Each structure stands twice: as structure tokens, then as C-alpha cells.
Amino acid sequence: MHPIQPETHGAPRTAPVPAQRSAAPTGGFAVVDVETTGLGRSDRVISAGVYQLDPDGDVVDHWYTLVNPERDPGPVWIHGLTAELLSTAPTFPQIAEEFAARLRDRVLVAHNALFDWNMISREFSRAGLRAPVQQRLCTMVLSRDLRLPLPNGKLSSLAAHFGVQQRHAHNALDDARVLAEAFRPSLRLARDGGVPLPLQNCVAVTDLGEEEPASPARGSWTGAAYRQAKKRPPCPYPNPGRWVDGRPLVQGMRVAITGDTATDREVLEDRAVEAGLHIATSVSRLTSLLVTNEPDSWSGKARKAREVGTPVVGEDAFLQLLREVAPHPGA
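Below: a short report on this structure. Everything numeric in this text was worked out from a predicted model, so none of it was measured. Note that residues are indexed from 1 along each chain, following the sequence as it is written. With the structure being a predicted model, the display of local features is reserved for residues of pLDDT at least 70 and the display and counting of side-chain atom pairs for 80 or more, all residues being used for whole-chain, interface and lining totals. Values reported for side chains reflect all heavy atoms of the structure, with hydrogen atoms and water molecules removed beforehand.

Along its length, the chain carries 10 helices and 12 strands. Burial classes: relative accessible area under 20% of the type maximum marks a residue as buried, over 50% as exposed, and values in between as partly exposed (1.4 Å probe, protein chains only). Buried residues in the chain amount to 49% of all 331 residues. With the model as given, the accessible surface of the chain reaches about 15,700 Å², and the carbon-plus-sulfur share is 51%. Note on conventions: DSSP H or I runs of at least 4 residues are helices, E runs of at least 2 residues are strands, and numbering of each starts at the N terminus. Areas reported as accessible are Shrake-Rupley estimates using a 1.4 Å probe. Residue values count occlusion only from the protein chains shown.

Below is the structure:
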């Protein structure tokens, strides 16, 4: 990967909140991608790309910057941003005002938007500021609502569907461009088909009293502190089978979760159990669904899901699915 240099053109724990199904706001959209040092709450943003779109999805402006995280840059083999390259970049507080101007009065659009929103919100919070974003839209959820025939939830699959060429995968500016180009026809399809936009209200981490977690113990291979699995009563419903894209979850489905989540893992699992789902501690051919913000990771659950063909969704999509869990057919 050959990172693009900074340029300017022109000018938690997160609590689940109700989706706001409405028309596009008059302020338009800010299509965003951030590259980070990792997926955890203590990880940092190292680059950001923003494409500003008008309410019809046409590009108004775009902007990109590197960000010095003042720490190890994480998986360089993925994002290509070395410590040496980032050492001369501005810190987040130095770019916060410009970043905020790009987001203000717009809906934040991202692929797996909950992850990008929480990373951005935490960076603003560390700088003693508040991200000026009221609503977000996840293109993974929109693609599902439109029932696009995609093989998976990857940005590359969405891009290929609309004939958008990726030039620098995992580069924040190019990923934002690709998503902006794919979002415009998605927006048109939604309007022509009467499909409401899956808007979600954004809650800043400062409103939730979230604090930085302690550093994980040495030797942790997941990058997150280990938590003993919570013992739960058995699910009262038999497994009705795998989840099918475009349909609701059904009580009794076996759901596994892997990787770091913006919503506290125990809260996420509790909501699933309350809805009548079974929380699985591993993945097998009987697993109905895997929830992960990193479907290409090398975690055991993600590998097994790829091997046996278990359906996979991101956290934002799962939170929306939890709102309409269908009763078990035998209930």
C-alpha cells in the first residue's frame, strides 16, 4: 500500500438507541472512513477521510489527513502507515476543528458506522470536545434493507456491485471515495423503492460516562481484557436454523459474537438473550449467525464461520435485527 499524503480540497460502551427511519436531512451526508491502531476502546485514529455529499448524494468536497496517535500504529501490514510516517502528522486535537467542520449538520455515513462513530467520538472526547454528529447511517444495514445480492458485507463487495473501482484498500481517503460512489446509487434505490433510510441517533461517549479501560494484561492475544463467560440459563426455544439475509431473527437462533464491540459485550449478549436468542460460545454448522466488526479476522470463530458458511453481520446490523426478533414458530 502506498499511503496518500494529507491534502485538503476546497474549503462503548454505546447504548442501543431506536432507529430513525426518515428521509435524508437537508444538510446532506458526510461519508467517513478512519484507519485506526486497532479495534479496542483505547485504540486511536491514525487517518481520516471525509467526502461531503449533498442530500442527493452528489459530492460537494473531500478531505483527508494523517493523524499522529502518539503510540504504536498497530497493524502496519493492513493500513500501511508506519510510525515514521505518522511522526510528523498532526495530532487529533490539531485537526479536530477541521474534522468537525466536515461533519457538522450532516449524517455520518460509514461501512460499519457504529465502529467509525465510536472511534471518532472517543477522539473528540479525549480532546475535550464533542463530535458534532447527531445521526449515522450504516451502509451495511442499508445494503441489507435494499436486499442487494452481495456475497458478504465487505466494502469491496458493495463496490463491485456498483462497478466502483478500489485503488488503495484500507486507505481512509480512497475507502471514503469508494463508499461515496456506492452510496449514491444506494440512496437512489432507497428513494425509488420507498425504502426508509436506516438512520441511528448518535450518543457521544461523554454522555455515557465511558472511561478508558486499563491496558490489557501482557500476553493477551485478543487486544482486549479477558472476561469470564457469563453463565446463562438454557434457551427455552429449539434452534430454528440459520438466519437468512433479508429476514428477521427468530427466537431460538444460536448467535455467536467475536472481536471487540462498541457496545459492552455483556450488554449485547443480555439484549440477545432477552429477545429469546441463544448465545453460543463457539461456531459450528448449527450456528445461526456470527456477529463481528471484523469478518476477515483470524479469530477462531471467524475462521470457522468462513469454513462452514455461517452468516455474518456487523454490530450495527445486529442491533437493528434485535429490534424485530420473530417469535419461535412453535411458541
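Let us look at the packing of aromatic side chains. In this scheme Phe, Tyr and Trp rings, the latter by its six-membered ring, pair at centre separations within 6.5 Å, and the angle between planes marks the pair as stacked below 30 degrees, edge-to-face above 60, and tilted otherwise. Summed over all chains, the structure comprises 5 aromatic pairs. Ring centres of Trp63 and Phe99 lie 5.5 Å apart, and the angle between their planes is 40°; this geometry places the pair in the tilted category. Within this pair, whereas Trp63 is found in strand S5 (residues 59–66), its partner Phe99 is found in helix H3 (residues 92–103), the two being separated by 36 residues in sequence. Taking the relative accessible area as the measure of exposure, Trp63 reaches 3% and is therefore buried. Phe99 gets classed as buried once you look at its relative accessible area, which sits at 0%. Clustering of aromatic rings is evident, with ring pairs tying together Trp63, Phe92, Phe99 and Phe124.

The next point concerns empty space enclosed by the protein. A cavity, in this analysis, means grid points on a 1 Å lattice covering only the protein atoms where a 1.4 Å probe fits yet has no way out; a pocket is instead an open set bounded by protein on both sides within 12 Å along at least five of seven lines, and a residue lines either one if it has an atom within 4 Å of a point. Grid points are joined across faces, edges and corners, and a volume is the space filled by probe spheres set on the points. Put simply, the largest cavity is a space of about 70 Å³. Lining the largest cavity are Leu39, Gly40, Arg41, Phe115, Asn118, Met119, Arg122, Asp260, Thr261, Ala262, Asn293 and Glu315. It is helix H4 (residues 113–126) that contributes the most residues to the lining of the largest cavity, 4 residues altogether. Taken together, Thr139, Leu142, Ser143, Leu146, Leu148, Leu158, Ala182, Phe183 and Ser186 make up the full set of residues lining the second largest cavity. Elements that contribute at least two residues to the lining of the second largest cavity include exactly helix H5 (139–145) and helix H7 (172–193). Classes in brief: Ala, Val, Leu, Ile, Met, Phe, Trp, Tyr, Cys and Pro nonpolar; Asp, Glu, Lys and Arg charged; the others, Gly included, polar. Of the residues belonging to the lining of the second largest cavity, the class tally is 6 nonpolar, 3 polar and no charged.

A word on H7. Multiplying 1.5 Å by the helix residue count minus one yields the expected span of that helix. In this model, H7 (22 residues) spans 31 Å end to end at C-alpha, consistent with the 32 Å of a helix rising 1.5 Å per residue. Capping the start of H7 is the job of one residue whose side-chain oxygen sits 3.1 Å from the backbone nitrogen of Leu173: Asn171. Positive backbone phi, at 70°, marks Gly194, one or two positions downstream of H7. Within 3.5 Å is the distance limit for a polar contact, defined as a pair of N or O atoms, with the added protein rule that one can donate a hydrogen and the other accept it, and that residues adjacent in sequence qualify only through two side-chain atoms.

In spatial order, the strands read S10-S9-S11-S12; together these 4 strands make up an open sheet with parallel pairing. Two strands in the sheet have a free side with no partner beyond their single neighbour: strand S10 (278–279) and strand S12 (312–313). Pairing between two strands requires that DSSP report at least two bridges joining them. Where strand S9 (residues 254–257) meets strand S11 (residues 289–291), 3 bridges bridge the pair, whose relative direction is parallel. Pairing of Ile257 across the sheet is with Val291, part of S11. When checking whether two residues touch, look at their non-hydrogen atoms; a contact exists if any pair is within 4.5 Å. Under this scheme, a helix contributes an axis fitted over its contacting stretch, all axes are lines through C-alpha atoms, and angles between N-to-C directions fall in the 0 to 180 degree range. Across the sheet, helix H9 (residues 300–308) touches S9, S11 and S12, and the angle it forms with S11 is around 145°.

Time to look at the packing of H3 against H4. Interaxial distance between H3 and H4 falls to 10 Å at its minimum, and their mutual angle equals 125°. On the basis of their axis angle, the class for H3 and H4 is oblique. Our pair here, H3 against H4, has a crossing hand that is left-handed. Contact with H3, carried on its side by Phe92, Ala96, Phe99, Ala100 and Leu103, involves Ile120, Glu123 and Phe124 of H4 and no other residues of that element. Of the residues assigned to the contact of H3 with H4, the class counts are 7 nonpolar, no polar and 1 charged. An angle counts as roughly parallel when it lies under 35 degrees, as roughly antiparallel when it exceeds 145, as roughly perpendicular when it falls between 65 and 115, and as oblique in every other case. Here is the rule for handedness: rotate from the far helix to the near one, and if that takes an anticlockwise turn smaller than a right angle the crossing is left-handed, while a clockwise turn gives right-handed.

As paired elements, S9 and S10 share 2 bridges and run parallel to each other. Paired with Arg254 across the strands is His278, a residue of S10. Place the viewer so that the strands point away; then a crossover is right-handed whenever the path from the first strand over the helix to the second strand goes clockwise. Since S9 and S10 lie parallel, the crossover through helix H8 (residues 265–274) that links them has a hand, and here it is right-handed.

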